[in-house]
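# Commentary on secondary and tertiary structure
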Amino acid sequence: MGRKLLLLTLALVFAAAANMSLCCTVTVEGRELEGVYPLSAVDRGWAAASAAAEEILSGPAGLPELEKSYRLSLRPARGESAGISSAVLESTPGVELNQGVYVNSVYLGSVEQREELLGELRQFITGQLPSWAQWGYLSQELSFREQYGSAGSTTPVEDMVLLISGMAPVMYSDGEGYVAMA
């Protein structure tokens, strides 16, 4: 009986050891990232962030300190390299996260705050609203994407409003089918 118990214990230990994987937790500039990452994801994330920072800054970038703490885990590591890249880029001096502005998928530039731009755009549209019109809208699709860029490279909100209205003229409607361009 003792021998069977010993064999069962050894089988369980070997099964657990066979299912364990080496993974790590990641700290960027003293801030621990949430989750556990496979080693390959950490390397890919660091390499992508390094290449992106050098492209954004047009030369060598002062990347933040990244530390790995290795662990064995029975559960698979689920962290992704994109999370590591984002954390590294957010901590890189001279790089900032902005909102890229697109009209019909044409890139116009970037702004710091999407909401601020939308507020100014609403004011622009309603400020020129003809007396006969009930509402105004852009004639083309406006979209935003988060993107990293060099610090200070954003377009002023007032200038972006003019760029948008040039690419997507404002249309006004009387609510009964009559539509005119501003």
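These remarks concern the structure in this document. Keep in mind that this is a model prediction, so the values were computed, not measured.

Calculation rules
- Residues numbered from 1 in each chain as written.
- Predicted model: local features only at pLDDT ≥ 70, side-chain atom pairs only at ≥ 80, totals over all residues.
- Heavy atoms only, no water.
- Pairing = 2+ DSSP bridges.
- Helix = DSSP H or I, 4+ residues; strand = E, 2+ residues; numbered from the N terminus.
- Axes fitted to C-alpha atoms, helices over the stretch in contact; angles between N-to-C directions.
- Contact = heavy atoms within 4.5 Å.
- Buried < 20%, exposed > 50% of the residue type's maximum accessible area, 1.4 Å probe, protein only.
- Phe/Tyr/Trp six-rings, centres within 6.5 Å; stacked < 30°, edge-to-face > 60°.
- Lys NZ or Arg CZ within 6 Å of the ring centre and 35° of its normal.
- Patch = residues over 30% accessible without salt bridge, like charges linked within 9 Å, V, L, I, M, F, W, Y side chains within 5 Å.
- Areas by Shrake-Rupley, 256 points an atom, 1.4 Å probe, with all protein chains shown as cover.
- Salt bridge = Lys/Arg side-chain N within 4 Å of Asp/Glu carboxyl O.
- Lys, Arg positive; Asp, Glu negative; His and termini not counted.
- Charge placed at Lys NZ, Arg CZ, Asp CG, Glu CD.

### Here's the deal with the sheet that holds strand 8 (residues 142–150)
Reading across from one edge, 6-5-8 is the order of the three strands in this open sheet, with antiparallel pairing throughout. The two strands at the open ends of the sheet, each matched to only one other strand, are strand 6 (106–111) and strand 8. Ignoring which end each strand starts from, the neighbouring axes of this sheet average 35 degrees apart. Looking at chain direction, strand 5 (residues 95–103) and strand 6 are connected through five bridges and run antiparallel. Bridge pairing in strand 6 places Val101 opposite Gly109. Across the sheet, helix 5 (residues 157–167) touches strand 5, strand 6 and strand 8, and the angle it forms with strand 6 is around 165 degrees.

### With respect to the pairing of strand 5
For strand 5, a buried count of seven out of nine residues is recorded, marking the element as mostly surrounded by other parts of the structure. Where strand 5 lies against strand 8, nine bridges are found, and the strand directions are antiparallel. Bridging across to strand 8, Val95 finds its partner in Ser150. Following strand 5, the chain reverses through two residues before pairing antiparallel with strand 6; Asn104 in that reversal takes a positive phi of roughly 50 degrees.

### Here we look at the packing of aromatic side chains
If you walk through the whole model with that rule in mind, you get one aromatic pair. Ring centres 5.3 Å apart and planes at 50 degrees place the aromatic pair Tyr102 and Tyr107 in the tilted group. Using a relative accessible area of 42% as the deciding quantity, one classes Tyr107 as partly exposed. Sitting over the ring of Tyr102, Arg145 keeps its end group 4.1 Å from the ring centre.

### Description of a negative patch on the surface
A cluster of acidic side chains, namely Glu112, Glu116, Glu158 and Asp159, defines a negative patch on the protein surface. Tracing the chain through its elements places Glu112 in the loop between strand 6 and helix 4 (114–127).

### Some remarks on the pattern of salt bridges
By the definition in use, this model includes one salt bridge. In this structure, Asp43 engages Lys68 in a salt bridge whose closest nitrogen and oxygen atoms are separated by 3.5 Å. Highlighted residues: Asp43 in helix 2 (residues 39–57) and Lys68 in strand 4 (residues 66–73), separated in sequence by 25 residues. The exposure class of Lys68 is partly exposed, given its relative accessible area of 32%.

### Remarks on the environment of Val36
Note on placement: Val36 falls in the loop between strand 2 (31–32) and strand 3 (37–38). Sequence-wise, Val36 and Gly83 are 47 residues apart; in three dimensions their C-alpha atoms are separated by 11 Å. In this view, Val36 contacts Cys23, Cys24, Thr25, Ala77, Arg78 and Gly79; residues no more than four positions away in its chain are not counted.

### Quick word on the side chain of Thr27
Mapped onto the elements, Thr27 comes out in strand 1 (residues 21–28). For Thr27, the contacting residues outside a window of four places in its chain are Glu32, Glu65, Leu66 and Glu67.

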